[in-house]
Amino acid sequence: MTKEFEEMADYKKKFEKFAQSKYQINFTTRGAIIAKNVGMVINSKQQQLQILKKVYWEIQKGDIEILMGPSGSGKTTLLSILAGLLTPTAGNVYLLGQEITRMSRTQLAKFRRQNIGFIFQDFNLFPALTAIENIETALNVKGIRGRSARKEAQALLEQVGLADKAKLLPRDLSGGQKQRVAIARALTGSPQIIMADEPTAALDSHSGHLVMELLRGLAKEQGCTVLIVTHDPRILDLADRVAHMEDGVLK
Ligand SMILES: Nc1ncnc2c1ncn2[C@@H]1O[C@H](COP(=O)(O)OP(=O)(O)OP(=O)(O)O)[C@@H](O)[C@H]1O
């Protein structure tokens, strides 16, 4: 029996080594989002600007985490790096156990499409498309079309409490409703990570809370990992943890 276990352990080790080198899957990391020693230097007007300094951060699966900090402290830069939209000048980023800082552009684009949903401050909805069409368009990009797309879009609208608003254009929706459509759109393809940049900044307190409760539900009921950059102190109580950034340093 012991010999069999030894053989299995050996096989497991070999498999992990192979998967790590070929697919950048890291079996030693546990967090859904991990930044290791991330730095960002930008050359601007013959000057070197150090925007991020040695950022270490680990966010666990199913947590809802807020990143706060003064304007210009580096929050959006860090969010863009963690989302794979910007390449850091130092360090490594792991999402769901895979090192995204080692992926090619094509691998990264595919990974983002499959695993990350984005939510923006100004909703980014297509103004000429109805609520349901905005969601269907995102499903089409992910390869889901026709009747299946319509059915899934309707289910997502129901999930965010807007089943009766499917045929309305964004201009006929309130700010909070627009953001809920944007959340439904971010949920297309069931991403495991949701990243949001100031999702409640354009909303009144009540709508902001509704949006946060929805995001918290996604984390706690569906196991999504949610990362939010915000200046909005009204939503802090719904987060599991709040991180602070100052002058490119994470505290
Ligand atoms: N491409 C760039 N070239 C030069 N400077 C840049 C560039 N990108 C960001 N910066 C600078 O890096 C710093 C951090 O910017 P960043 O947008 O990440 O801050 P932030 O904390 O998100 O700010 P805000 O809360 O105002 O959105 C700022 O001083 C900004 O001017």
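Conventions we followed
- Sequence positions are assigned chain by chain, starting from 1 and proceeding in written order.
- At least 70 in pLDDT is required for a residue's local features to be given in this predicted model, at least 80 for side-chain atom pairs to be given and counted, and no such filter applies to totals for whole chains, interfaces and linings, which use all residues.
- Put simply, DSSP H or I for four residues or longer makes a helix, DSSP E for two residues or longer makes a strand, and each gets a number counted from the N terminus.
- Both definitions apply: the radius of gyration is a C-alpha atom measure, and the globule rule equals 2.2 Å times residues to the power 0.38.
- In this scheme the burial state of a residue depends on its C-beta neighbours within 10 Å: 20 or more other such atoms mean buried, 12 or fewer mean exposed, and anything in between means partly exposed; the C-beta positions come from the backbone.
- When DSSP locates at least two bridges between a pair of strands, those strands are taken to pair.
- Distance between backbone-placed C-beta atoms decides contact: two residues are in contact if it is within 7 Å.
- Structural elements are reduced to axes, namely lines fitted to C-alpha atoms, with helices fitted over the stretch in contact, and the angle between N-to-C directions of any two is expressed from 0 to 180 degrees.
- Residues are classed as near a molecule or strand if the C-beta position derived from their backbone is within 6 Å of it.
- Each residue receives one of three labels: charged for Asp, Glu, Lys and Arg, nonpolar for Ala, Val, Leu, Ile, Met, Phe, Trp, Tyr, Cys and Pro, and polar for the others, Gly being one of them.
- Note on terminology: a nonpolar core is a set of buried residues of type Ala, Val, Leu, Ile, Met, Phe, Trp, Tyr or Cys, with members joined through C-beta atoms within 7 Å.
- Every residue carries a pLDDT, the predictor's confidence in it, which falls somewhere between 0 and 100.
- Summarising the geometry, the arc corresponds to the directions from the helix axis toward the C-beta atoms.

As named in an unreviewed UniProt entry, the chain is ABC transporter ATP-binding protein, taken from Brasilonema sennae CENA114.

A short note on the overall build of the chain
Helix and strand content of the chain: seven helices and 10 strands. Relative to a compact globule of 251 residues, whose C-alpha radius of gyration would be 18 Å, the chain shows 20 Å and is just as compact. Projected onto its principal axes, the C-alpha coordinates of the chain cover approximately 65 × 50 × 35 Å. Residues classed as buried in the chain amount to 37% of the 251 residues present.

A look at the sheet that holds strand β1 (residues 33-44)
Across the sheet, four strands lie side by side as β2-β1-β4-β5; this open sheet has antiparallel pairing. Looking along the sheet, the strands with just one partner apiece sit at the ends: β2 (47-59) and β5 (98-99). Relative to β5, strand β4 (residues 90-95) runs antiparallel, the two being bridged by two bridges. If you follow Tyr94 over to β5, its bridge partner there is Glu99. Across the sheet, helix α2 (residues 75-82) lies against β1, β2 and β4, angled at about 120° from β1, the strand it touches most.

Details of the site of the ligand
Every residue near the ligand is listed here: Ile42, Ser44, Leu49, Ile51, Gly69, Ser71, Gly72, Ser73, Gly74, Lys75, Thr76 and Thr77. For the shell around the ligand, the class distribution of residues is three nonpolar, eight polar and one charged.

Remarks on the sheet that holds strand β7 (residues 193-197)
What holds strands together in a sheet is hydrogen bonding between their backbones, with the strands either parallel or antiparallel. Taken together, the six strands give an open sheet; going across it, the order is β6-β7-β8-β3-β9-β10, and neighbouring strands pair in mixed fashion. If you trace the sheet from one side to the other, it starts and ends with β6 (116-120) and β10 (249-250), each paired once. Direction of pairing for β6 relative to β7: parallel, over a ladder of five bridges. Note on β7: the bridge partner recorded for Gly117 is Ile194.

Overview of the nonpolar core
The biggest cluster of nonpolar side chains holds 63 residues, and the ones touching the most others in it are Leu157, Ile194 and Val226. If near-sequence neighbours (up to four positions away) are discounted, Val226 is found in contact with Ile64, Ile194, Leu215, Leu218 and Ala219.

Describing unusual backbone geometry
Backbone geometry at Asn124 places phi at a positive 55°, although glycine is not the residue there. Along the polypeptide, Asn124 turns up in the loop between β6 and α4 (131-141). Residue classification places Asn124 among the partly exposed residues on the basis of 13 C-beta atoms within 10 Å. Here the phi dihedral of Ser190 falls at roughly 50°; this positive angle occurs in a residue that is not glycine. Turning to its location among the elements, Ser190 is positioned in the loop between α6 (175-186) and β7.

A few points about the pairing of strand β9 (residues 241-246)
With four bridges joining them, strand β3 (residues 64-68) and β9 adopt parallel strand pairing. Pairing of Met68 across the sheet is with His244, part of β9. In the sheet, β9 pairs with β10 via two bridges, with the strands oriented antiparallel. In the strand pairing of β10, Glu246 is matched with Val249. A loop of two residues connects β9 with β10, the two strands running antiparallel in sequence, and Asp247 in this loop sits at a positive phi of about 50°.

Comments concerning the environment of Glu136
Tracing the backbone through its elements, the reader meets Glu136 in helix α4. We classify Glu136 as buried; it has 24 C-beta atoms within 10 Å. Apart from the residues lying within four places of it in its own chain, the contact partners of Glu136 are Ala149, Arg150 and Ala153.

Notes on the confidence of the model for the chain
Averaged over all residues, the pLDDT of the chain equals 90, while 90% of them reach at least 70. Of all the helices and strands in the chain, helix α1 (residues 2-23) carries the lowest mean pLDDT, 67, while β4 carries the highest, 97. Among the scores for the predicted complex, ipTM is 0.94 and pTM is 0.84.

What about α2?
Every buried residue of α2 is accounted for by Lys75, Thr77, Leu78, Ile81 and Leu82. Each buried residue of α2 sits inside an arc of 165° when the element is viewed along its axis, so together they form one side. The secondary structure elements touched by the buried residues of α2 are β1, β2, β3, β4, β8 (225-229) and β9. Downstream of α2 by one or two residues, Gly84 has phi in the positive range, about 75°.

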